[in-house]
Amino acid sequence: MNGYQVVTYAQRVVFGAGALDNLPDALADFGLKRAMLCTTPHLTANGHVARVQALLGDHLVVVFDQVEPHVPDYQLEECLALAEKYNIDSVIGLGGGSPIGMAKAVSLELEARRTGVARVVSKHPNDQPLIPTIAIPTTYAGSEMTPVYGVTRAQPDGSTRKVTVRDHKITPKLTLYDPLLTLNLPPSLTASTGINALAHCIESVYSATRNPLSTATALLGIRYITASLVRCFREPENMEARTLMFMGAHMGGTCLSSVLMGVHHGTCHVLGGTAGVPHGIANSIVLPHAIRYNADQLADLIAMAGEAMGIVRDGRTDLELAEATADSVYLLVSQLDVPQHLQEVGVPESLLPKLAENMLKSSAVQDNPKPVATLEDAMSILRAAW
Ligand code: NAD
């Protein structure tokens, strides 16, 4: 590592059982009185929306609880129309990465409509949004910490494409991590979004733009997640495990917001976009193979991640430890009852060359510190995962 750059955002993060109760006071501190809530039907069904309504009373002026995965453009239009009609001054995302993404999209696009100024990407990390976003996560995906969202936009040829927006201003001003809200997260989502959080931490340890803060954060995240993910899966209401796992997700999201991801992240996006593999499932399948691909050139860094997982060095070289780390991740995933091979999720072997071609076009794949330069490099990962 030759020098480094660190960007941090002006955010208030509150973590702990009952953190949700901070919402009214935090809104009052920020001078916000007309919030919109974006969420999904599950969160209405399990009573979380009713709790937010009870806490905010008249300060919650509109609820949209139909957010679909990956923020479709037609739903963004619907939310913007509601936001304008109710003259909101803030937008809350409650749930996973999709409703939080919707809240960020409403914030930025409403600002452009209100000011009549086409969007100018903010240059300073402390630039403030007109309509702040508040994030209340209930999965481990990490969006609540990042300056990024994606909207799935219809293309002229009838296809759809996820368009990513990155802007300092999008980072939620307030993030409330309340582990009580995760006790009813189903085991399958616990597993898949939990591995997503682990992947954020592991790719941060070997990121091309890693820095001492991101490394420390990522290693602690790996420690927390390894100690808790299987317990959360088997005992969903275990508060101690849920708390550790959510802290791991916080660490993962913090890293995701500050350093470049690599071949794992890029491959998962290609599998989603080209083969329709759900994001969490793709994470569970690819992570051990991405680690193994990187093991020879990034052995010292991956060995560090392995030690954070609890692997004892026992006289082994960095390379041996890095390979043991890939094995350990595979073993961890195998305890979570999620698919571990691409063929299990219906990806035909004949599609691998197309996937490899798209991997080479992915910016995250290109950002991997060990080059993924040829179709054969990409195919070696896909064949191992197939
Ligand atoms: P998601 O938000 O799409 O939610 C998946 C499902 O989980 C939904 O059906 C939701 O209703 C349900 N759910 C969430 N919390 C629940 C709870 N407590 N109880 C019961 N059901 C619950 O999935 P996700 O994995 O959290 O996020 C994935 C999306 O977020 C993708 O679009 C991904 O690209 C994006 N993402 C963005 C960032 C970023 O930095 N911008 C980071 C991570 C993920």
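Because the structure is predicted, anything quoted here is derived from the model rather than measured.

## Regarding the sheet that holds strand β1 (residues 12–15)
No. 1: With parallel pairing, six strands are arranged side by side in an open sheet as β1-β8-β5-β4-β2-β3. Taken across any chain shown, the strands that pair with only one partner, and hence form the sheet edges, are β1 and β3 (60–64). Adjacent strand axes in the sheet meet at a mean angle of 15 degrees when their direction is disregarded.
No. 2: Pairing between strand β2 (residues 35–38) and β3: four bridges, direction parallel. Looking across to β3, one finds that Met 36 is bridged to Val 62.
No. 3: In this fold helix α1 (residues 23–30) packs onto β1, β2, β4 (90–95), β5 (133–137) and β8 (174–177), with an angle of close to 170 degrees to the strand it touches most, β8.

## Considerations on the site of the ligand
No. 1: In the region of the ligand, 24 residues are neighbours, and Thr 40, His 42, Ser 98, Thr 138 and Thr 146 sit closest.
No. 2: For the ligand, an oxygen atom lies 2.7 Å from a polar atom in the side chain of His 42.
No. 3: Within the side chain of His 70, one N or O atom sits 2.7 Å away from an oxygen atom of the ligand.
No. 4: The protein chains hide 86% of the 870 Å² of surface that the ligand would expose on its own.
No. 5: Split by residue class, the shell around the ligand holds nine nonpolar, 13 polar and two charged.

## Quick notes on the environment of Pro 371
No. 1: Relative to the helices and strands, Pro 371 is located in the loop between α14 (363–366) and α15 (375–385).
No. 2: When the C-alpha atoms of Pro 371 and Ser 192 are compared, they prove to be 27 Å apart, with 179 residues separating the residues in sequence.
No. 3: Setting aside chain neighbours within four positions, we find Pro 371 in contact with Tyr 293, Gln 297 and Asp 377.

## Observations concerning the pairing of β8
No. 1: Of the two faces of β8, both are covered, the one formed by Leu 174 and Leu 176 as well as the one formed by Thr 175 and Tyr 177.
No. 2: Relative to β8, β1 runs parallel, the two being bridged by four bridges. If you follow Val 14 over to β8, its bridge partner there is Leu 176.
No. 3: In terms of strand pairing, β5 meets β8 through two bridges, oriented parallel. Of the residues in β8, the one forming a bridge with Ile 134 is Leu 174.

## A word on the layout of surface pockets
No. 1: In this structure, the second largest pocket occupies an estimated 230 Å³ of space.
No. 2: Along the wall of the second largest pocket there are 14 residues; nearest its centre are Val 7, Thr 8, Thr 254, Ser 257 and Ser 258.
No. 3: Elements that contribute at least two residues to the lining of the second largest pocket include exactly α7 (212–234) and α8 (239–258).
No. 4: Among the elements that line the lining of the second largest pocket, the one with the most residues is α8, at four residues.
No. 5: Of the residues assigned to the lining of the second largest pocket, the class counts are six nonpolar, eight polar and no charged.

## Let's talk about the pairing of β2
No. 1: Taking every second residue as pointing to the same face, both faces of β2 are buried, with Ala 35 and Leu 37 on one and Met 36 and Cys 38 on the other.
No. 2: Bridging between β2 and β4 involves four bridges; their strand directions are parallel. Among the inter-strand pairings, Met 36 is bridged to a residue of β4, identified as Val 91.

## Observations concerning the packing of helix α10 (residues 279–294) against α15
No. 1: Where α10 meets α15, the axes come as close as 9 Å, and the angle between the chain directions of the two elements is 135 degrees. In terms of their interaxial angle, α10 and α15 are classed as oblique. Regarding α10 and α15, the two cross each other, and that crossing is right-handed. Of α15, the residues touching α10 (which contributes Ile 285, His 289 and Tyr 293) are Asp 377, Ser 380, Ile 381, Ala 384 and Ala 385.
No. 2: Taken together, the residues of the contact of α10 with α15 sort by class into five nonpolar, two polar and one charged.

The rules behind the values
- Residues numbered from 1 in each chain as written.
- Predicted model: local features only at pLDDT ≥ 70, side-chain atom pairs only at ≥ 80, totals over all residues.
- Heavy atoms only, no water.
- Pairing = 2+ DSSP bridges.
- Helix = DSSP H or I, 4+ residues; strand = E, 2+ residues; numbered from the N terminus.
- Axes fitted to C-alpha atoms, helices over the stretch in contact; angles between N-to-C directions.
- Contact = heavy atoms within 4.5 Å.
- Near = heavy atom within 4 Å.
- Polar contact = N/O pair within 3.5 Å; in protein donor to acceptor, adjacent residues only side chain to side chain.
- Areas by Shrake-Rupley, 256 points an atom, 1.4 Å probe, with all protein chains shown as cover.
- Nonpolar A, V, L, I, M, F, W, Y, C, P; charged D, E, K, R; others polar.
- Buried < 20%, exposed > 50% of the residue type's maximum accessible area, 1.4 Å probe, protein only.
- 1 Å grid on protein atoms, 1.4 Å probe; cavity = no way out; pocket = protein on both sides within 12 Å on 5 of 7 lines; lining within 4 Å.
- Points joined across faces, edges and corners; volume = space filled by probe spheres on them.
- Parallel < 35°, antiparallel > 145°, perpendicular 65-115°, else oblique.
- Left-handed = near helix turned anticlockwise from the far one by under 90°.

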